Every structure is written in C-alpha cells, then in structure tokens.
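# Coordinate analysis (summary)
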Amino acid sequence: MTTMRELRQAAGLSQEKLAELAGTSQPQINKLETGQRKMTVDWAVKLAQPLGVEPTALLGLDAPAVAATPRTARKPVPALLRTVAAPAIDGSAASQIAPMPVRAAARGGVDQEMFLEDGPIDWIARPDYLKNARDPYAMYVVGESMMPRFRPAQLLHVNPHKPPAPGAGVVVVKRNKAVLVKEFVRRGPDAVTLREYQPADREFAVALEDLDTLHTVVGLQEP
C-alpha cells in the first residue's frame, strides 16, 4: 500500500514544506509518516489539499510500524466507511466523526439559475453540533440574493433531516437540479414560500411538484 511519505515525495514536498502548507510542524509530519501518530479525520482534511489527494485516500494509507515492542506496535488505520475511530489531533478523546462533503453550485441556463455540481468538491471536518446528524454537508454561497444574511464564499453547514422553521435559512433543490439558498417562510398544500433580500426583499413560491429537497442551514463558516 502507498504510505504518506510516498505521497509527500510524489508531490515534491519536504516535511517542512508540507507542514507549512498544512499549518502544523515538521515533527508532527514525521510522526504521521512513521506511525507515531495516527491519521485521523482532522489530519486527513488538513493534509489532503497540499498533497493533492482526497481525505479518504489518506485515511486508507498504510501506517508504518514504530520501532517498538510488538505489544505497542502500530497498526494501519482502516479505510473510511461512514465513521473512523481514531484519537483526536491533541490525543484527547477518541473521535467518531466522519468528514463532511462540500457541495457547490454554478450558473447555467438562460435564466441564470444555479445548478448543483456533480459530487463533492472538497471535504471538511464535521463541526461538533453535526457529529450525530445523518448525511450533513456544507455548501458555498454563490450570488448575492441573500445579502446581508448570507454572502458569497461563505460556507453553509446543512442538516438535511432537520425540518425548517419560519425564518430559517434553507437550501432548496428543484427537480431540474436548480439550487436556491433562501429563507423559509411557510409550507402550503401546493407550494413552499421562500424569501430573498436582493435585488428586492420579496416572497415567492416554489410548487411542491417542482421541489426535490428542502434542507435546513444550521451554521456557517466565514471564508
């Protein structure tokens, strides 16, 4: 199996340069490469971009054994399924939190609606308040229709199974895969009423027959 050292060398990075790009120190990189520290979800998210790989690839790496007695020798970290059991970065409580996919939308069509990109574009560490949620994801804000509440490049945290309350931010995906980030107003027998702020503060309806999913925004991350 591929090791982290091999991935680093393939990327043309020294331990010092990888540490700089990942916001850590050279001794920590060395510990990860020698198996003195396990590859957790948080480490995988930090290292994936500078190494040019997906976080899941790092979680499936072969971890070399530390020079130690068989009783304390390290074992390879198992590949990620839905959760990964590994110590937190600081070595405190064990983490059972899987990374969270990041989704994005792009403009398309003559009406300039936003359409979902295929598959995740990135992975991030899941915040504590979503650690027990089912299938949470993050999504970048594109466009200015919800300013000043939501601004372009903010990263929204979304719980797809939390029912929206009036006034909540929502991610609406229509059956044609157009995606809207709006404020939830109400659900009626035939349509969902939403609100946007720009270019004018207004309410509008999306027919239920045109609606695919309606997911609740539960937090955000500044760029």
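Residues numbered from 1 in each chain as written. Predicted model: local features only at pLDDT ≥ 70, side-chain atom pairs only at ≥ 80, totals over all residues. Heavy atoms only, no water.

Right, let's talk about the layout of surface pockets for a bit. To find leftover empty space, one rolls a probe the size of a water molecule over the atoms. Looking at the second largest pocket, its volume works out to about 330 Å³. Forming the boundary of the second largest pocket are 22 residues, of which V45, Q49, D122, W123 and I124 lie nearest the centre. Counting only elements with at least two residues in the lining of the second largest pocket, the list comes to helix 4 (41–51), strand 6 (122–124) and strand 8 (155–159). (1 Å grid on protein atoms, 1.4 Å probe; cavity = no way out; pocket = protein on both sides within 12 Å on 5 of 7 lines; lining within 4 Å. Points joined across faces, edges and corners; volume = space filled by probe spheres on them. Helix = DSSP H or I, 4+ residues; strand = E, 2+ residues; numbered from the N terminus.)

With that settled, the discussion passes to helix 2 (residues 15–22). Those residues of helix 2 not exposed but buried are Q15, L18, A19 and A22. Buried residues of helix 2 fall within an arc of 100° about the axis and therefore sit on the same side. Just past helix 2, the residue G23 takes up positive phi, approximately 70°. (Buried < 20%, exposed > 50% of the residue type's maximum accessible area, 1.4 Å probe, protein only. Arc of directions from axis to C-beta.)

The next point concerns the pairing of strand 11 (residues 191–196). The sheet contact formed by strand 10 (residues 178–187) and strand 11 spans four bridges and is antiparallel. Bridge pairing in strand 11 places R187 opposite V192. Adjacent in sequence and paired antiparallel, strand 10 and strand 11 are bridged by three residues. Here strand 11 runs beside strand 12 (residues 202–207); their pairing, made up of six bridges, is antiparallel. Bridge pairing links A191 to A207 in strand 12. Following strand 11, the chain reverses through five residues before pairing antiparallel with strand 12. (Pairing = 2+ DSSP bridges.)

Summed over the entire model, instances satisfying the criterion amount to eleven salt bridges. One network of salt bridges, with partners in common, ties together R149, E183, R195 and D201. (Salt bridge = Lys/Arg side-chain N within 4 Å of Asp/Glu carboxyl O.)

What follows deals with the confidence of the model for the chain. The share of residues in the chain with pLDDT of 70 or more is 77%, and the mean pLDDT across the chain is 78. Scored below 50 in pLDDT, residues 65–96 makes 52 contacts in the model with residues more than four places away or belonging to other chains. (pLDDT = per-residue confidence, 0-100. Contact = heavy atoms within 4.5 Å.)

Here the focus is the packing of aromatic side chains. Evaluation of the coordinates by the stated rule reveals zero aromatic pairs. It is R103 that lies over the ring of Y137; its NZ or CZ is 4.9 Å from the centre. (Phe/Tyr/Trp six-rings, centres within 6.5 Å; stacked < 30°, edge-to-face > 60°. Lys NZ or Arg CZ within 6 Å of the ring centre and 35° of its normal.)

It is worth spelling out a nonpolar patch on the surface at this point. Together, I121, Y140 and V142 make up an exposed nonpolar region whose accessible area comes to about 230 Å². One can find I121 in the loop between strand 5 (113–116) and strand 6. (Patch = residues over 30% accessible without salt bridge, like charges linked within 9 Å, V, L, I, M, F, W, Y side chains within 5 Å. Areas by Shrake-Rupley, 256 points an atom, 1.4 Å probe, with all protein chains shown as cover.)

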